[in-house]
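Summary of structural features
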Amino acid sequence: MTARSGRHFLQIPGPTNVPDRVLRAMDAATIDHRGPEFFALAREVIAGMKRIFRTTGPVAVYGASGTGAWEAALVNTLSPGDRVLAFETGHFATLWKQLAERLGVAVELMPGDWRHGVDPAAVEARLTADKAHAFKAVMVVHNETSTGVTSRVPEVRAAIDRAKHPALLLVDTISSLASIDYRHDAWGVDVTVAGSQKGLMLPPGLSFNAISAKALAANKTAKLPRSYWDWEPLIAANETGGFPYTPATNLIYGLKAAIAMLEEQGLEAVFQRHDRHAEATRRAVRAWGLEVLAQDPREFSSSLTAVVMPAGHDADALRRIILERFDMSLGAGLTKLKGKVFRIGHLGDFNDLMLMGTLAGVEMGLGIAGVPHQRGGAQAAMDYLAGNAKTGAG
Ligand SMILES: Cc1ncc(COP(=O)(O)O)c(C=O)c1O
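Residues numbered from 1 in each chain as written. Predicted model: local features only at pLDDT ≥ 70, side-chain atom pairs only at ≥ 80, totals over all residues. Heavy atoms only, no water.

Some details on the overall build of the chain
What counts is decided by this rule: Secondary structure elements are defined from DSSP: runs of H or I of at least 4 residues count as helices, runs of E of at least 2 residues count as strands, and each element is numbered from the N terminus. Radius of gyration here uses only the C-alpha atoms, and the compact-globule reference equals 2.2 Å multiplied by the residue count raised to the power 0.38. A 1.4 Å probe rolled over the protein chains alone gives each residue an accessible area, and that area as a share of the maximum for its type sets the label: buried under 20%, exposed over 50%, partly exposed in between. We call two residues contacting when some pair of their heavy atoms lies within 4.5 Å. Surface accessibility follows the Shrake-Rupley procedure with a 1.4 Å probe radius. Residue values consider only the protein chains on display as shielding. Under the counting rule used here, the positive set is Lys and Arg, the negative set is Asp and Glu, and His together with the chain ends is not counted. For charged residues, the charge sits on one atom: NZ in Lys, CZ in Arg, CG in Asp, CD in Glu.
Assigned secondary structure in the chain consists of 13 helices and 14 strands. Taken against the 2.2 N^0.38 rule, which gives 21 Å for 394 residues, the C-alpha radius of gyration of the chain at 21 Å falls within 12% of a compact globule. Per-residue burial for the chain yields a buried fraction of 58% across its 394 residues. In the chain, the proportion of contacts linking residues at least 24 apart, taken out of those at least 6 apart, comes to 75%. Entry remark: accessible area of the chain is about 15400 Å², with carbon and sulfur atoms responsible for 56%. The distance from the centre of the 42 positive side-chain charges to the centre of the 40 negative ones in the chain is 1 Å.

Thoughts on the site of the ligand
Condition: In these notes, residues near a molecule or strand are those with any non-hydrogen atom within 4 Å of it. We call two N or O atoms a polar contact when they sit within 3.5 Å, provided that within protein one can donate a hydrogen and the other can accept it, with sequence-adjacent residues counted only if both atoms are side-chain atoms. Under the grouping applied here, Gly and all other residues not named as nonpolar or charged are polar, the nonpolar ones being Ala, Val, Leu, Ile, Met, Phe, Trp, Tyr, Cys and Pro and the charged ones Asp, Glu, Lys and Arg.
By nearness alone, every residue bordering the ligand is listed as Ser65, Gly66, Thr67, Trp70, Phe92, Val141, Asn143, Thr145, Asp172, Ile174, Gln197 and Lys198. A distance of 2.5 Å is found between an oxygen atom of the ligand and a side-chain nitrogen or oxygen belonging to Ser65. Contact distances for the ligand include 2.8 Å between an oxygen atom and a backbone N or O atom of Gly66. Element by element, the count of residues in the shell around the ligand is highest for helix α3 (residues 66-75), at 3 residues. Per-class residue counts for the shell around the ligand are 4 nonpolar, 6 polar and 2 charged.

Observations concerning the sheet that holds strand β11 (residues 291-292)
What counts is decided by this rule: Two strands qualify as a pair provided that DSSP identifies no fewer than 2 bridges between them. Angles here are taken between N-to-C directions and fall from 0 to 180 degrees, while the axes themselves are lines fitted to C-alpha atoms, restricted in helices to the stretch in contact.
Spatially, the 5 strands line up as an open sheet ordered β1-β13-β14-β12-β11, and their pairing is mixed. The open sheet has two edge strands with one neighbour each: β1 (9-11) and β11. Strands in contact with helix α10 (residues 267-287) are β11, β12 (304-308) and β14 (341-345); relative to β12, the strand with the most contacts, it is inclined by about 10°. Together, β13 (328-332) and β14 form the strand contacts of helix α11 (residues 315-326), whose direction differs from that of β13 by roughly 165°.

A few points about the packing of helix α12 (residues 352-369) against helix α13 (residues 377-387)
Let me state the cut-off plainly: Angles are sorted into four bins: roughly parallel if under 35 degrees, roughly antiparallel if over 145, roughly perpendicular if 65 to 115, and oblique for all others. Handedness of a crossing is defined here by the sense of rotation of the near helix relative to the far one, left-handed for an anticlockwise turn of less than a right angle and right-handed for a clockwise turn.
Direction vectors running N to C along α12 and α13 enclose 165°, while the axes themselves pass 9 Å from each other. Judged on the interaxial angle alone, α13 and α12 are roughly antiparallel. The two elements α12 and α13 cross, and the hand of that crossing is right-handed. Packed against α12, whose contacting residues are Asp352, Leu355, Met356, Leu359 and Glu363, the element α13 presents Gly377, Ala378, Ala381, Met382 and Leu385 at the interface. In terms of residue class, the contact of α12 with α13 is made up of 7 nonpolar, 1 polar and 2 charged.

Some points on the packing of α11 against α12
It is at 9 Å that the axes of α11 and α12 come closest, and there the two elements cross at 115°. The hand of the α11/α12 crossing is right-handed. On α12, the residues that touch Leu318, Ile321, Ile322, Arg325 and Phe326 of α11 are Gly361, Val362, Met364, Gly365, Leu366, Ile368 and Ala369. In terms of residue class, the contact of α11 with α12 is built from 9 nonpolar, 2 polar and 1 charged.

Shape is all these values report; function is a separate question.
What follows is the structure, given as structure tokens:
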């Protein structure tokens, strides 16, 4: 492959652009993971992750992709044959449901149209009808990366409470943590699942469970087989900064730098920046005369925007042209959205001019690919960004 000049634009909704500061932090000698230096580092990083999850409870750190943390959330809290309630919000909610079924969990999936998030009223109605409290857990994907729809977790929590149902609340924040406001403790979540490669600005390879006291209690009686994922030895070892197995040392160096960057900016400013870039992107999409896949403004995602292609036009052909001509990767439509949408990732280490490069690339690509659209999307985004200077570079 011939070398290309300038930076590749990695505008898929994760993995995201890894900042130089994180890359440099990882470019260091691997140290003894049973020595005092690593123990201090691990304790510091776990304390930092608690602040990012906004929890005072334990946080398990796995050397795994997000799928591993999905599995960990289930095997640590459930027993074979347990019933759980899940919601068909898109590709990733469907994959998590399938994973649960393979583990021997009985999943009831509430159907969805892949354009809306979890309906809190439906949660309340279904759980109120479950008088025998057969459901042991409710599985919610906070930000559905395949559709750009963010479910309203506090309202789901309130719905569970109104139904007076004891089910655990398990939430996937793989494409929302450190991009979109999220509060593990305040929102009464029992297990939060997260990954390193999106808002945390790291390469793939680390994933996390934040764990409530209620989830820890459920762990004592949960009977699904588990070994690598078992919270108990991991949390016990973490007390001192140790791990029951070899941790991903250099990714943990990177995580320390990423947490520092997020905290120097301030989480609130980070969320505002994502909100602002998402709003600018939606203005561009509307100016092009195209449609955002998410239908309810209360559920618009701040980490990515899925754009619906006009009928008869293939999103993958557009993405191919943009990659070849402008060296930019955009997210593909997944499973039932294949070819029908493309996804613009605007999360992680990102600023106004990176967004403008992204939107300019999309606008030029639409023209070259012959996709019917109006000009002026990039201009609409610029007008919005220039008029809303706050947190631009933050
Ligand atoms: C919301 C969501 N959940 C789960 C996953 C699966 O994570 P991984 O691919 O890191 O295993 C992804 C991956 O993109 C995701 O976006």
